[in-house]
Amino acid sequence: RKEVEQDPGPFNVPEGATVAFNCTYSNSASQSFFWYRQDCRKEPKLLMSVYSSGNEDGRFTAQLNRASQYISLLIRDSKLSDSATYLCVVNSYSGGYQKVTFGTGTKLQVIP
Amino acid sequence: DTEVTQTPKHLVMGMTNKKSLKCEQHMGHRAMYWYKQKAKKPPELMFVYSYEKLSINESVPSRFSPECPNSSLLNLHLHALQPEDSALYLCASSQDRGAAKQFFGPGTRLTVL
């Protein structure tokens, strides 16, 4: 089983739709969680951190469920510019450093 | 300045060439990273430098040789690469090696002929 798993998609959604991605992780000692977005042939960019209490940034809402070991990202009112690959990142702290594990990414295509 | 810069943007090299990738950040971050990313795959960690010392080498072949001349610069020296080493090489930095948030540079797209 992969340490961090995501549905690769693609998710093809019309503009204005709501779309949700899930990500599961296997290491129960994982400590911090993030969503990054990566545009085609560009570097990953931090989208948002994910907290147990859930957090929102505009149209984006992230949730963490430690008991079930998954995190989610909800995008409301999708825009064409949201088209990208969304990478789930899970960090564990071991031996004084952060071990960063990327999921394989979920591709989102927002259609006019 | 919240930017990580990398040069060159693109590099084509033969299997006998020696080349170097450069990365620079001026955010005062004390941890810097090299990642390799193949198409449609997530980034894979190669090296971690913390306070200019190599902390982690993820079993990377010796044809890749990292160097950290100072706290702002990170180099990756390449020698005798193979075609399968063609990939996007990403540099990242974080406040220190215990910090979770990493900031990525735009990457160098490397093609080995």
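The preceding data block contains the structure.
Now for a look at the structure at hand. Bear in mind the structure is a predicted one, so any value in this text is a computation, not a measurement.

**Looking at the interface of chain B and chain A**
- Contact with chain B, which involves 17 residues of that partner, is made by 21 residues of chain A.
- Contact between chain B and chain A buries roughly 1600 Å² in total, counting both sides, with carbon and sulfur atoms accounting for 59%.
- On the chain B side of the interface with chain A, the three residues burying the most area are Arg97, Ala100 and Phe104 of chain B, jointly 29% of the side's total.
- There are 2 residue pairs in polar contact (both at pLDDT 80 or more) connecting chain B and chain A.

**Concerning the sheet that holds strand E3 (residues 19-25) of chain A**
Residue and element names in this part refer to chain A.
- Ordered in space as E1-E3-E8-E7-E6, the 5 strands form an open sheet in which the pairing is antiparallel. Pairing within the sheet leaves two strands with one partner each, and these edge strands are strand E1 (4-6) and strand E6 (55-57). On average, each strand axis in the sheet is tilted by 20 degrees relative to the strand beside it, whichever way the strands run.
- As paired strands, E3 and strand E8 (residues 70-75) are joined by 6 bridges and run antiparallel to one another. Across the sheet, residue Ala20 finds its bridge partner in E8, namely Leu74.

**Observations regarding the pairing of strand E8 (residues 73-79) of chain B**
Residue and element names in this part refer to chain B.
- Of the pairings in the sheet, the one linking strand E3 (residues 18-25) to E8 comprises 7 bridges and is antiparallel in character. When the sheet's bridge partners are listed, Leu21 is paired in E8 with Leu76.
- The pairing of strand E7 (residues 64-70) with E8 spans 5 bridges and is classified as antiparallel. When the sheet's bridge partners are listed, Phe64 is paired in E8 with Leu78.
- Taking the residues between adjacent antiparallel strands as the criterion, E7 and E8 are bridged by 2 residues.

**Side note on the sheet that holds E7 of chain B**
Residue and element names in this part refer to chain B.
- Taken together, 4 strands build an open sheet; the order of strands is E1-E3-E8-E7 and the sheet is antiparallel. Strands with a single pairing partner mark the edges of an open sheet, and in this sheet they are strand E1 (4-7) and E7. Strand-to-strand twist across the sheet, computed as the mean angle between neighbouring axes with direction ignored, equals 20 degrees.
- Here 4 bridges tie E1 to E3, and the two strands are oriented antiparallel to one another. When the sheet's bridge partners are listed, Gln6 is paired in E3 with Cys23.

**Describing the state of the cysteines**
- Taken as a whole and judged by the stated rule, the model has 2 disulfides over all chains.
- Two residues share a disulfide in this structure: Cys23 of chain A and Cys88 of chain A, whose sulfurs sit 1.9 Å from each other. Between Cys23 of chain A and Cys88 of chain A the disulfide shows an S-S torsion of about -70 degrees. By sign, it is left-handed. Here the residue Cys23 of chain A occupies a position in strand E3, and Cys88 of chain A occupies one in strand E9 (residues 84-94), the gap between them amounting to 65 residues. Per residue, the accessibility class of Cys23 of chain A equals that of Cys88 of chain A, and both read buried.
- Across a sulfur-sulfur distance of 1.9 Å, Cys23 of chain B and Cys91 of chain B are joined as a disulfide pair. In this structure the cystine formed by Cys23 of chain B and Cys91 of chain B twists about its S-S bond by roughly -70 degrees; its chirality is therefore left-handed. Note that Cys23 of chain B is positioned in strand E3 and Cys91 of chain B in strand E9 (residues 87-94), a separation of 68 residues in sequence.

The rules we used
Residues numbered from 1 in each chain as written. Chains lettered and ligands numbered in written order. Predicted model: local features only at pLDDT ≥ 70, side-chain atom pairs only at ≥ 80, totals over all residues. Heavy atoms only, no water. Contact = heavy atoms within 4.5 Å. Buried area = accessible area lost by both parts, 1.4 Å probe. Polar contact = N/O pair within 3.5 Å; in protein donor to acceptor, adjacent residues only side chain to side chain. Pairing = 2+ DSSP bridges. Helix = DSSP H or I, 4+ residues; strand = E, 2+ residues; numbered from the N terminus. Axes fitted to C-alpha atoms, helices over the stretch in contact; angles between N-to-C directions. Disulfide = S-S within 2.5 Å. Buried < 20%, exposed > 50% of the residue type's maximum accessible area, 1.4 Å probe, protein only.

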